[in-house]
Amino acid sequence: MATYAIGDIQGCYDQLRRLLDKLSFDPARDELWFVGDLVNRGPRSRDALRFIMSLGDRAVSVLGNHDLALLVVAAGFKKPHRTDTFGDILSAPDREELLDWLRRQKLFHAARGYAMVHAGLLPQWSINQAATLAREVETMLRGADYRELLQNMYGNEPARWSDGLEGFDRLRVIVNAMSRLRVVTDDGEMEFSHKLGLDHLPAGFKPWFDAPNRASADTTVIFGHWAALGLIVRPDVIALDSGCVWGRTLSALRLEDRRIEQCDCPELAGTASEE
């Protein structure tokens, strides 16, 4: 038995299946962890979602910003961006089944000495606190009032966490940190426009995982979302978005020994837009 964490799929179904073949993945024996962004920008979002859903409890996925964007568009609160490629899901005969499954996925997952989140964690959040906060969002997203959350989820404010936050301000900070975060100030202020690598950080900001005294540093956090970083494997963090949808590679990490396996995705170069 092996457990593999896999970087952002973003609708790159053929490349995912190619990587799983390299891993000799056996759904009767092995387990897959997906760091989110299962859909969008790639060519086969519907097939990727159907396949991952078909794995049942052999797959664990956390929600990424593109997954949440699909839910918001499907609920009618936002129009698709011209570069979105999840129209195949919206027009699918099993659309409601796919969307219902998606909104029941986790925002954060911790097990086997690892934690997994799509984007990042704020410096003051311990692993236990992050799990508790994620459940607040997950409970509402899975409940009867999930449309109310989707309608009020977007926005960049508040830009920092406070234990006293309430209502949608509180939930928005949790969602933003876990699905959109890249850089923070030392005291945890978030900034969302930066998409480049470590050589072009905005003044006063650093990668969320390098914030001083980060409360989650005692657990290895697996994340995606930041393709410009490429693959990073450190004792405290593992970045797995190696830019498959941009024509680079799709990466998998075997949790048991931290072995990395990749497949090249050159056929996707130039097919996706980061707008």
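Above this text you will find the structure in question.
So, how was this worked out
- Residues numbered from 1 in each chain as written.
- Predicted model: local features only at pLDDT ≥ 70, side-chain atom pairs only at ≥ 80, totals over all residues.
- Heavy atoms only, no water.
- Helix = DSSP H or I, 4+ residues; strand = E, 2+ residues; numbered from the N terminus.
- Rg over C-alpha atoms; globule rule 2.2 N^0.38 Å.
- Buried < 20%, exposed > 50% of the residue type's maximum accessible area, 1.4 Å probe, protein only.
- Areas by Shrake-Rupley, 256 points an atom, 1.4 Å probe, with all protein chains shown as cover.
- Lys, Arg positive; Asp, Glu negative; His and termini not counted.
- Charge placed at Lys NZ, Arg CZ, Asp CG, Glu CD.
- Salt bridge = Lys/Arg side-chain N within 4 Å of Asp/Glu carboxyl O.
- Axes fitted to C-alpha atoms, helices over the stretch in contact; angles between N-to-C directions.
- Parallel < 35°, antiparallel > 145°, perpendicular 65-115°, else oblique.
- Left-handed = near helix turned anticlockwise from the far one by under 90°.
- Contact = heavy atoms within 4.5 Å.
- Nonpolar A, V, L, I, M, F, W, Y, C, P; charged D, E, K, R; others polar.
- Pairing = 2+ DSSP bridges.
- Polar contact = N/O pair within 3.5 Å; in protein donor to acceptor, adjacent residues only side chain to side chain.

S.K.: Please explain the overall build of the protein as it appears in this structure.
M.R.: Each helix and strand in the protein was counted, giving eight helices and 13 strands. In terms of C-alpha radius of gyration, the protein reaches 17 Å, essentially the compact-globule figure of 19 Å for 275 residues. Out of the 275 residues belonging to the protein, those deemed buried represent 58%. Taken as a whole, the protein presents about 11200 Å² of accessible surface, with 47% of it coming from carbon and sulfur. With 33 positive and 40 negative side-chain charges, the protein shows a spacing of 2 Å between the two charge centroids.

S.K.: Sorry, what's going on with the pattern of salt bridges here?
M.R.: Pairing is possible between side chains that carry opposite charge, provided their charged atoms lie close to one another. Evaluated as defined, the whole model comprises 20 salt bridges. Residue E31 pairs with R112 through a salt bridge whose shortest N-O separation is 3.1 Å. A residue pair is termed long-range when its members are at least 10 positions apart, and E31 in strand β2 (residues 31-34) and R112 in the loop between β4 (108-111) and β5 (114-117) qualify at 81 residues. Assessed through its relative accessible area of 10%, E31 is described here as buried. Residues joined in a network through salt bridges with shared partners are D210, R214, R234 and D236.

S.K.: What exactly am I supposed to notice about the packing of helix α6 (residues 127-142) against helix α8 (residues 167-180) here?
M.R.: The relative placement of two packed helices is expressed as an angle between their axes plus a distance between the axes. For the pair α6 and α8, the least separation of the axes is 10 Å and the interaxial angle reads 110°. As the angle between them shows, α6 and α8 are arranged roughly perpendicular. Crossing angle aside, the handedness with which α6 passes α8 is left-handed. Of α8, the residues touching α6 (which contributes A130, L133, A134, E136, V137 and M140) are F168, R170, L171, I174, V175 and M178. Residue classes in the contact of α6 with α8 are distributed as 10 nonpolar, no polar and two charged.

S.K.: How should the environment of A134 be read in this particular structure?
M.R.: If you trace the backbone, A134 turns up in helix α6. Given the relative accessible area of 0%, A134 is considered buried. Apart from residues lying up to four places away in sequence, A134 is in contact with L107, F108, I174 and M178.

S.K.: Sorry if this is basic, but what is going on with the sheet that holds strand β7 (residues 190-191) here?
M.R.: Strands belonging to one sheet form pairs held by backbone hydrogen bonds; the direction of such a pair is parallel or antiparallel. Pairing is antiparallel in the open sheet, where three strands are placed in the order β7-β6-β8. Edge positions in the sheet fall to β7 and β8 (206-207), since each has one partner strand and no second. Examined bridge by bridge, strand β6 (residues 183-184) and β7 share two bridges and lie antiparallel to one another. Residue pairing across strands places V184 opposite M190, the latter belonging to β7.

S.K.: Would you explain the side chain of E191 in this entry?
M.R.: Looking at where E191 falls in the secondary structure, it is placed in strand β7. Buried within the structure, E191 lacks any salt-bridge partner; its nearest side chain of opposite charge belongs to R182, at an N-O separation of 7.5 Å. Within polar-contact distance, the side chain of E191 engages the backbone nitrogen of H194 at 3.1 Å.

S.K.: I keep staring at the pairing of strand β12 (residues 249-254) and nothing clicks. Help me out?
M.R.: Within a regular strand, side chains alternate between the sheet's two faces. Buried residues dominate β12, accounting for five of its six residues. Bridge count between strand β1 (residues 3-6) and β12: three bridges; the pairing is antiparallel. Within the sheet, the bridge partner assigned to A5 lies in β12 and is L253. As paired strands, β12 and strand β13 (residues 259-264) are joined by six bridges and run antiparallel to one another. Across the sheet, residue A252 finds its bridge partner in β13, namely E261. Count of turn residues in the β12/β13 antiparallel hairpin: four residues, of which R258 carries a positive phi of about 60°.

S.K.: How do you make sense of the sheet that holds strand β3 (residues 59-61) when you look at a structure like this?
M.R.: Here five strands make up an open sheet; going across it, the order is β3-β2-β1-β12-β13 and the pairing mixed. Two strands close off the open sheet at either side, each with one partner strand: β3 and β13. Strand-to-strand twist of the sheet, defined as the mean angle between neighbouring strand axes without regard to direction, takes the value 20°. In terms of strand pairing, β2 meets β3 through three bridges, oriented parallel. Pairing of W33 across the sheet is with V60, part of β3.

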